[in-house]
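This is what each chain is made of:
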Amino acid sequence: MRGRIAITLEQLRIAAKKPRKGNPACHDETMRILNALPAANYEVPPIYKYVKEFDKCEERVEAERKKGKASTLYHLSKYLVQNKNKQK
């Protein structure tokens, strides 16, 4: 059976809040769009700026996933005191 699937706004909110392993990517942008839909009479043009923000967030997340995880040494080097072993 093909065709449209009817999903209510409440079902989308429940799915967005459903606990998952880790934080959902772009959750704030998703909730912003879902909350703005009723005010925009479920049309995209009034909330286009939120949709663009979501697209940018998705691109950023995809780029981070392609790049891979940074090493532990990279994260620890942020807390390294740079001038500790320098001679005066």
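All of the points below concern the structure found in this document. The model shown is predicted, which means the values in this text are computed figures rather than measured ones.

What follows is about the overall build of the chain. Along the backbone of the chain there are 4 helices and 0 strands. Shown N-terminal to C-terminal, the secondary structure of the chain runs as helices and strands in the order α-α-α-α. Buried positions account for 17% of the 88 residues belonging to the chain. Sequence-distant contacts, at least 24 apart, represent 43% of the contacts inside the chain between residues at least 6 apart. In the form shown here, the chain has an accessible surface area of approximately 8500 Å², with 53% of it arising from carbon and sulfur atoms.

As a further point, take unusual backbone geometry. Of note in the backbone geometry, Cys26 takes a positive phi value of approximately 60° without being a glycine. Looking at the secondary structure, you find Cys26 in the loop between α1 (9-17) and α2 (27-36). One non-glycine residue, Tyr42, adopts positive backbone phi at about 60°. As for its placement among the helices and strands, Tyr42 is situated in the loop between α2 and α3 (48-67).

Further remarks concern the nonpolar core. Among the nonpolar cores identified, the biggest contains 10 residues, and these are Leu9, Ala16, Met31, Ile33, Leu34, Ala36, Leu37, Ala40, Ile47 and Val51. When residues of this core are traced back to their parent elements, those giving at least two are α1 and α2. Top contributing element to this core by residue count: α2, with 4 residues. Leave out the neighbours within four places in its chain, and Leu34 touches Leu9, Leu12, Arg13 and Ala16.

Every buried residue belonging to α1 is among Leu9, Arg13 and Ala16, and all of these are buried. Buried residues in α1, looked at end-on, bunch into an arc of 65°, giving them a common side.

This part is about a negative patch on the surface. Taken together, the side chains of Asp55, Glu58, Glu59 and Glu62 make up a negatively charged region of the molecular surface. Inspection of the secondary structure puts Glu62 in helix α3.

Looking now at the state of the cysteines. Overall, the coordinates contain 1 disulfide when judged by the stated rule. At a sulfur-sulfur separation of 2.0 Å, the disulfide partner of Cys26 is Cys57. As the torsion about the S-S bond is roughly -100°, the Cys26-Cys57 disulfide counts as left-handed. A residue pair is termed long-range when its members are at least 10 positions apart, and Cys26 in the loop between α1 and α2 and Cys57 in helix α3 qualify at 31 residues.

What counts as what
Residues numbered from 1 in each chain as written. Predicted model: local features only at pLDDT ≥ 70, side-chain atom pairs only at ≥ 80, totals over all residues. Heavy atoms only, no water. Helix = DSSP H or I, 4+ residues; strand = E, 2+ residues; numbered from the N terminus. Buried < 20%, exposed > 50% of the residue type's maximum accessible area, 1.4 Å probe, protein only. Contact = heavy atoms within 4.5 Å. Areas by Shrake-Rupley, 256 points an atom, 1.4 Å probe, with all protein chains shown as cover. Core = buried A, V, L, I, M, F, W, Y, C linked by side-chain atoms within 4.5 Å. Arc of directions from axis to C-beta. Patch = residues over 30% accessible without salt bridge, like charges linked within 9 Å, V, L, I, M, F, W, Y side chains within 5 Å. Salt bridge = Lys/Arg side-chain N within 4 Å of Asp/Glu carboxyl O. Lys, Arg positive; Asp, Glu negative; His and termini not counted. Charge placed at Lys NZ, Arg CZ, Asp CG, Glu CD. Disulfide = S-S within 2.5 Å.

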